Structures are given as structure tokens and as C-alpha cells.
Amino acid sequence: MAHIYIALVDTPGFFAALIRRFLKQRYIHVVLGFDAKLQEAYSVGRRNPAVPIFAGFEREDKDKILHTFPTAYYRIYELDCTDAQKRALQQRMQEDYKKRFHIHYAVLGLPFILINSPFYMYNQYTCSSYLARVLQENGIFIARKHFSLVTPKDFYAYQNMRVVFEGELSEIVSEISYKFPENVSGGSMCV
């Protein structure tokens, strides 16, 4: 038995407030990690946490996120999977990271979510639709709907995960910095 980690994220800001209002929940961003401290974690979101305009596939950089959003709040879930599923997901994340500038945030797809109409534009995703698609391709189904309609709320409602952490990002970063002072990664938050 192996595990992957799904982080639901709450950050302040205008765009986050709009998404929170639509979803009617605290968490508005979804991240896939391969350990409980999110040392290796990926998502479709902001390329630079401080700039909401440029978004796409990125490796999460917790230090940059914490610097931009000191009150960022995380709920991290552990999800059981097979060793083969975890290896396939890690390989997919690493391959997509190599071509990260060809995977974009699906801003034009957001209205389709509002009207509950499936959509797909080549290599364009929301944070949750990207993760739903790669999980579905590996036999993990978060919601019974087209991947393009999956939102962070669907991950929040998914019953087959266990909460392993809930709190401010600063708690994770300070613990990792204490144990691993050389910690450096990549960067993103959902727009």
C-alpha cells in the first residue's frame, strides 16, 4: 500500500475571494503531493504566487507561497493507492513539469463550470480539473463527472481520504526548514 497526498489550500486575495464565494468553502486550490510535508508537490496555478495573471503547471514552492501569503491555510489528506499508481503519478508529474510552459490555466473554461457544461481546451486546466484527470487516468475517481467540472469542493467531499494536517503553511515550512535547511522547490497557487 502506498499513499499520495492531496492538499486543499486557502489563500487571501481578490481572485481567491471570488472562487471561495462561488464554491462556498474555505479551500480554493488543489495540490498533488507525494509526501505529507509536500516536499514534492505539483499543481496548475500561479507561476509566481504574487502575480495572478500568469498561471500553468508548476511545482509548488512553499517558501515563495508563504512569503506572498503569510496566512495561507492548508488541509492535507492522505489517499491510499497502489505502488504502481504512485509511480505512474510521479512519472506523469515529472514529465508534465518538463513541458510545464505548454500547460496553462483554463480561464476561458471557468464559465462552463458555472453552467455545468463539460469543456476541454488542449492543455488547459483548472487546478482541480488537471488533478481529477490525471487521477482518473490512474484509476482514482474523485467525482462521478467529467474531469473539467471537478472543483476543489469535490476533493473536499471525497470520502476515501484521511486528514493528516490542517493548519497554516508556516507550520509546515518551519518544521521542514528545521529538519531540511536546504529545502528549495518550484512555485504556484490557483488563480
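Residues numbered from 1 in each chain as written. Predicted model: local features only at pLDDT ≥ 70, side-chain atom pairs only at ≥ 80, totals over all residues. Heavy atoms only, no water.

Draft legend 1. Inspection of unusual backbone geometry at higher detail. Located in the positive-phi region is Asn116, a residue other than glycine, with phi close to 60°. When you line up the elements, Asn116 lands in the loop between helix 4 (110-114) and strand 7 (124-125). A positive phi angle is found at Asn123, which is not glycine, with a value near 55°. Tracing the chain through its elements places Asn123 in the loop between helix 4 and strand 7. (Helix = DSSP H or I, 4+ residues; strand = E, 2+ residues; numbered from the N terminus.)

Draft legend 2. Structural view of the pattern of salt bridges. All told, the structure shown has 10 salt bridges when counted by the stated rule. Across the pair Arg75 and Glu166 runs a salt bridge, and its minimum N-O distance is 3.1 Å. Residue Arg75 is located in strand 5 (residues 73-81), and its partner Glu166 is located in strand 8 (residues 161-168); the two are separated by 91 residues in the primary sequence. Accessibility expressed as a relative area gives 14% for Arg75, which makes it buried. One salt-bridge network, held together by shared partners, links Arg92, Asp96, Lys99, Arg133 and Glu137. (Salt bridge = Lys/Arg side-chain N within 4 Å of Asp/Glu carboxyl O. Buried < 20%, exposed > 50% of the residue type's maximum accessible area, 1.4 Å probe, protein only.)

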